[in-house]
Every structure is written in C-alpha cells, then in structure tokens.
Amino acid sequence: MASADVLARATALRREIEQHNYAYYVLDQPTIPDAEYDWLFRELQALETEYPELITPDSPTQRVGGKPLDGFAQVRHAVPMLSIRTETDTEASGAQAFDVRVRKELGLSEADPLVEYAAELKFDGLAINLRYEHGLLVQAATRGDGETGEDVTQNIRTLHCIPLRLQTEAPPAVLEVRGEVFMRRDDFERYNARQREAGKLTLVNPRNGAAGSIRQLDPAMAAQRPLSFFAYGLGDVQGWKDAPRTHGATLDALAGMSIPVCSERIIGSGAAVLVAFHDDIAARRDSLPFDIDGVVYKVNAYDLQRELGFLTREPRWAVAHKYPAQEQLTTVLGIEVQVGRTGALTPVARLAPVFVGGVTVTNATLHNQDEIDRKDVRVGDTVIVRRAGDVIPEVVAAVIERRPDPEPPRFNILEIYPVCPECGSHVVRLEGEAAVRCTGGLVCPAQRKQALLHFAGRRAMDIEGLGDKLVDQLVERGLVHTPADVYGLDLVTLAGLDRMAEKSAANLLAAIEASKATTLARFIFALGIRNVGETTAKDLARHFGSLDKLISAAEVDLLAVRDVGPIVAQSITQFFAEPHNLDVVNSLRAAGVHWPEFAGMSQSAGILTGQTLVLTGTLPTLTRESAKEMIEAAGGKVAGSVSKKTAYVVAGEEAGSKLTKAQELGVSILDEAGLLALLAPDNNNAQHRLDL
Ligand code: IVH
C-alpha cells in the first residue's frame, strides 16, 4: 500500500507537471528545461508503476491510454452545438450590417449607446465540446449534427494543451468548454516533412489534418499528430459560482483555469471597432501561426445575447465574417513547364479559372517531378488549389475520386519535354536532384541573363562594368544572346544604352578586351556548368591543362580529378555533349578569348612535385595567375619569398629583390620561356637558365 507521503508526492508531481505542460504547450513559455520535465515525469511514472492504485484518470501519464476503437460512441449534447450565421458581405462593411441588425433587434435608436462586442478569430479546424465535471475532463465530443456528436475523448486526451483537470480551487460541478481543434502551420509542415521522408502519406492541409486526427480510431496514431486547441464558448454549465456575465470575461476565466484561449481578440463598442479588427486581422492573416477563414463578432453581454435569442439554429448575437477562401477546387487543363534562370524546368498546371485567395488563378506551380508523383496530379484531374497571401498559387492535391474515366496517364516531365521548350537543348535530371534541367546553359534565353552575369563575374571573366542593369538591357534589346556576343559589341552600340556615357562605354569596351587574356580555370568557371564552382574549375584546369582535353574527357577521366564525383562528372559531360554549348565555346575562342595551355597534371604529373617556385617581375605573356596555375598543375608550389629551399625563381621584367636574393643563394633562375619549356609535355627535362 502506498503511504500518505507517497500519495502526497504523486499529487504534487501531477500538479507540477500539468503546470509545466500549460507553460509549454499553451503559453509557449517553458519554465524548466526539458530534461528536468522528463525527470519529474519519470518519477511519477515510477511511483505509479510501483503503486498502480495511485493512478488517476487525470494523471499526465494517462494521456495515451486506450486501445484502438471499433467506432465512436454517440454523444447527445446537453446543450445543442449551434452553427453560426455567415455574413454574406465579405467587405469590411459586413461588420456594419451586423451592428445594424443587432441594434434593430434590440430596439435601439440612434440616440442609444453603442453595443459592446467581442471580436475573435474564426479558427479553421474541428469543433469540439469538452465536458469537465468537478474539474475533471470526463468527455470530449465532436459537433456532429449539433444534437448528437461522436465521443472522441481518447484522442482529445492526447492533446497536451488540453488540461485533464482544470487548474482552479473551486471548479464548477459541470463546465462544458467549446472550441476548435486545429493544426498550426509549422506543425503541419514539420509533420508532412517527416512523413515525406519516411515515404508515408502526407496531410492535404492543416484543417484536414486536425479533423482526420480526431477521427482516428487508434489514439496512439492521433497522439502523433501535432494538434492545438482554442476555446471560444460554453455548453452546459452547472454550479459555477460567480459565473462571468460576458463572453469576454468567460474566455478570461477559462484562460485562468489553464484552458487555451487565443489572445487575438478584442472587446469594443460599435461597428467601427469590428471593422478595424476585421481589417487588422485581414492584413496579418498570412503571418498568423495557423489558418483562419474569417473573424467572428459576438454581442458581449449574456443578458443581451439572451434577449436576441436564436433564429432556427443560429444565434442572432453572433456572426462569422469570412475572408476570401484560400483553397478551391478546379480542373487541370494541361501541364506545361517554365524554364527558370538556373535552367530548372518547373511544371506548372494550367487551370480552369478559379477565384481563390482574392484573385482569379489560371495556373499553379507543381514544383517538380517528385511533387507531381507524390500528389499524382494528371491532366484532366480535379484538384485543390491554394493561394495564401502573396505566395504563388499551388496545387495541393488531386481529388482522385473525381478522376476522369478512362484515367489520364501519369505526367512525366522528361517524357513530355525531352528538350527544353525555350532553346531545344537536351533536358536531364541529375542524380539526387529534384529538378529536371536544361543543359543549354550558354544559349537558353531563360538562362541568358544569369549566364551572362556569371560569365562576366569577378572570379570568372572579370569584365568590370558588366553588371545587372547592363545585362538586362543587352538581353532585352536582343544585343547579346550568348556570352560570345559580348565580344562583338562596339562603342556606338554601348554608348546608345540607357545611362551609358561615352566614357563608361569606352571603359567597358576596354574591360571586355582585357578579359580576352584569361586562364583556363577562369574560362571553365565562366561557362557556368552546373555543379562546377571556382575550386572545381581550378582542379579541372590543373588536371587537364587544355580545354579540348576537358571537352573530350569521358566520365571516368573526370572522376580521376580531385573532388570530382559522379554528379559533377555527369554535369560536365552533359554540358559539353550539348552542341549549342560547344558552338558558344568555339565562338569565344574565335573572338580572341585565350589562355595558356599546358600539359596538365594527368600527363606531367609530378614534374615539380615537392618543389617550391617563386615568381618575380612581369612575365612577357603569362599572368601571375596562369603561371601559378601551370606550376601547381605540375605539382609545384608557389611561394612569396626566396630561400635556400626554393627550386626556381621565375623572373620577368623589373624583377626586384627576390631576384637578387636568388642570385645570392645560388637558386636556379628561369625566364618565362624556361618555365614553359620545363612544363612542356614533350620536353620535360629542358631547363632554360636565364643568362644574366
Ligand atoms: S462560436 C453559437 N466562435 O465555426 C456560436 N465558432 O458554425 C457557436 N468556429 O463549427 C460558434 N471559430 O467550430 C465560434 N471563434 C469562434 C469560432 C467558431 C471557429 C467554428 C465552429 C463552428 C463554426 C460555426
């Protein structure tokens, strides 16, 4: 038998855990670290295991208890669960219409004072009645037809935000709390992401998520769905001492008993306050953490509510003022693709026009092939389209029951679009990537601006002055189609562009001219091959030493390059397999873009391995960068200062103290020709000493 001490400890633990639950799940302000909470919870579990007679139905350990049900029992509501009248005028003036009706019903004249209202959110979930007897949650039921609902107590008990016992010293004998079970958007996204990863079914939207979870026959399944609850009213009430006399005070009192109540609510008098609330919430609708489909206005005082009474099944004292729906049904007329700036082909559903989220929508994104497969959207399908705020409209799900007969085929982007609809280049899907992409990076009009900006970038061809605005103009006026066209621009054309003075046009032209002398690594990077960044470009240059070798490299050859894996290798071969891209490369060379080529590591591997070289002065043809690239390709290092360990100093014109130092130390000195000879594939051993 448990001693009085043990009993007291269990009771105290329960109270403390429930308080932490409230702070965590309702207030979202945890007061203790998770580990400490777990510790309390485990202590209680241990006590209850040792003394099962201590277990109470309101114990936090008993939230997920029961076995799967065969069906839900029927529950007759003690007080019917009414529905609410919807104001037909969706404009803000709908609030005025409600106020006018209320005043008329109450027989108020213009001289009478304003009516006090409570305004709150219309949550988009499932209505639930929670029955507390002497503070203990004894039953939870759905609305059903308003008279009779379903007993979903087992599932509701798994919601951590719903207290199993009201936190109050003097609970009413009976207190029925009515409100909405819903799913927060972040919980919905997280849940779906997890399901997707596990290859399991996802929820269509938060509302279906909430409703579906509560209707789960297995409470263990329901427990895994992240649900929330907000109270918005009362049902049967007995023996509530000093019961509140207004709706607002009731919600405050419920919050005081640890029932979740939404803080987005106001009390105010007259229609103007309601209009302001309506507009304020409309403006913030998309940034709320959960979906709402409107706001609700209620006459605040209970005695006035009683006076107004009911019209059939709807109270005259409340109205729902809806916002434009964010989801609608429509049909898919076709599926097309849009080529993005990076070459990704995004499937877009062409839809029968539908008014959703405040605008007429005629197309909606399907994101990528994986999403099409997951949602199994086909041409001819009836689909749910969602548009929330400024977010691009999206196809949420296909309504499979309404699929035409005979069934339309599954939609596969690669089958329908083997080549890019913009440029005719081949379309591929890289391993491990969701997107299907166009391989015509240099020629595709959709990718033109992006490709040019990348090409001219500081780390690529480094054409100073060829930025965003200029690229826009050059492309939009049809002056530049591919990077090769940049080298055909003349002063007159450039000076004729917006915001282009003759001086800046001349500067740009000089920058274009100067960019012709480049390095192989820069050139490879400038091509904008997918997955080939600056470092990979350098590695490729070092390895192959010549562009033609890179172009003709097979995937296996590419895999021999440091850090190049199958995905990068595939990207490269696909890029050069596209004849359009090769045309551009050849035009660039024909326009005078050049770089020093050399043997590359694959042939001359190791000729300078372990050796350190120092560059000084200006070499006649090579830039510092290309000289360094070539030395590194041969396995050598380039250092900034000369020491006894320096293998060679490569000296050009106006060489300074480094040359003197080399002479003092007796280090070998080479000129450019000497360096080139050293690195030449057919003359590996030649050494040109510089005669001084
Ligand atoms: S009051 C007598 N307040 O909207 C009035 N209902 O038909 C009873 N709802 O299914 C409802 N948010 O679940 C009220 N703040 C709110 C609400 C709300 C959502 C739902 C409710 C019911 C429907 C009304």
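Since this is a predicted model, take the numbers as computed values, not measurements. (Residues numbered from 1 in each chain as written. Predicted model: local features only at pLDDT ≥ 70, side-chain atom pairs only at ≥ 80, totals over all residues. Heavy atoms only, no water.)

Draft legend 1. Structural context of the pattern of salt bridges. Under the criterion given, the structure shown has 47 salt bridges. Glu-534 serves as the salt-bridge partner of Arg-459, at 2.9 Å between the closest nitrogen and oxygen. Here Arg-459 is found in the loop between helix 13 (448-456) and helix 14 (468-476), whereas its partner Glu-534 is found in helix 18 (residues 534-544), with 75 residues between them in sequence. You can call Arg-459 partly exposed: its relative accessible area is 46%. For Glu-534, a relative accessible area of 27% translates into the label partly exposed. Between Glu-632 and Lys-628 there is a salt bridge, with the nearest N and O atoms lying 3.5 Å from each other. Of this pair, Glu-632 and Lys-628 both sit in helix 24 (residues 624-633), four residues apart, roughly one helical turn. Since its relative accessible area comes to 22%, Glu-632 is described here as partly exposed. Owing to a relative accessible area of 37%, Lys-628 belongs among the partly exposed residues under this scheme. The network of salt bridges with common partners includes Asp-376, Arg-378, Asp-381, Arg-403, Glu-407 and Arg-410. (Salt bridge = Lys/Arg side-chain N within 4 Å of Asp/Glu carboxyl O. Helix = DSSP H or I, 4+ residues; strand = E, 2+ residues; numbered from the N terminus. Buried < 20%, exposed > 50% of the residue type's maximum accessible area, 1.4 Å probe, protein only.)

Draft legend 2. Representation of helix 26 (residues 672-679) in the model. For helix 26, the buried fraction is high: six of the eight residues fall into the buried class. On its buried face, helix 26 is in contact with strand 20 (612-616), helix 24, strand 22 (648-651) and strand 23 (668-670). (Contact = heavy atoms within 4.5 Å.)

Draft legend 3. Focus on the nonpolar core. Core analysis: the biggest nonpolar cluster contains 54 residues, and Ile-463 and Leu-540 have the highest contact counts within it. Counting residues per element, the ones that place at least two in this core are helix 13, helix 14, helix 16 (502-515), helix 17 (520-526), helix 18, helix 19 (547-552), helix 21 (566-577) and helix 22 (579-590). Judged by nonpolar contacts, the second largest core, of 33 residues, contains Leu-164, Tyr-191, Ala-211 and Leu-251. (Core = buried A, V, L, I, M, F, W, Y, C linked by side-chain atoms within 4.5 Å.)

Draft legend 4. Representation of empty space enclosed by the protein within the structure. Going through the model one piece at a time under the given rule, you end up with four cavities of 30 Å³ or more. One number sums up the size of the largest cavity: a volume of about 60 Å³. Along its surface, the largest cavity is lined by Glu-18, Asn-21, Tyr-22, Val-26, Arg-63, His-160, Cys-161, Ile-162, Pro-163, Arg-165, Gln-167 and Ser-258. Looking at the lining of the largest cavity residue by residue, the class counts come to five nonpolar, four polar and three charged. In this structure, the second largest cavity spans a volume of roughly 40 Å³. Contributing elements (two or more residues each) for the lining of the second largest cavity: strand 2 (116-123) and strand 7 (228-238). (1 Å grid on protein atoms, 1.4 Å probe; cavity = no way out; pocket = protein on both sides within 12 Å on 5 of 7 lines; lining within 4 Å. Points joined across faces, edges and corners; volume = space filled by probe spheres on them. Nonpolar A, V, L, I, M, F, W, Y, C, P; charged D, E, K, R; others polar.)

Draft legend 5. Fine view of unusual backbone geometry. Between Asp-405 and the following residue, Pro-406, the backbone shows a cis peptide bond with an omega angle of 0 degrees. Summarising the element assignment, Pro-406 is placed in the loop between strand 17 (394-398) and helix 12 (413-416). In this structure, Asp-462 is a non-glycine residue whose phi angle is positive, near 55 degrees. Considering the arrangement of structural elements, one finds Asp-462 in the loop between helix 13 and helix 14. A positive phi angle is found at Arg-499, which is not glycine, with a value near 55 degrees. Summarising the element assignment, Arg-499 is placed in the loop between helix 15 (491-495) and helix 16.

Draft legend 6. Geometry of the packing of helix 24 against helix 26. The N-to-C vectors of helix 24 and helix 26 enclose an angle of 30 degrees; their axes lie 11 Å apart at closest approach. Classified by the angle between their axes, helix 24 and helix 26 sit roughly parallel to one another. For the pair helix 24 and helix 26, the crossing hand works out as left-handed. Each of Ala-627, Met-630 and Ile-631 in helix 24 lies in contact with helix 26, whose residues at this interface are Leu-675, Leu-676 and Leu-679. Residue classes in the contact of helix 24 with helix 26 are distributed as six nonpolar, no polar and no charged. (Axes fitted to C-alpha atoms, helices over the stretch in contact; angles between N-to-C directions. Parallel < 35°, antiparallel > 145°, perpendicular 65-115°, else oblique. Left-handed = near helix turned anticlockwise from the far one by under 90°.)

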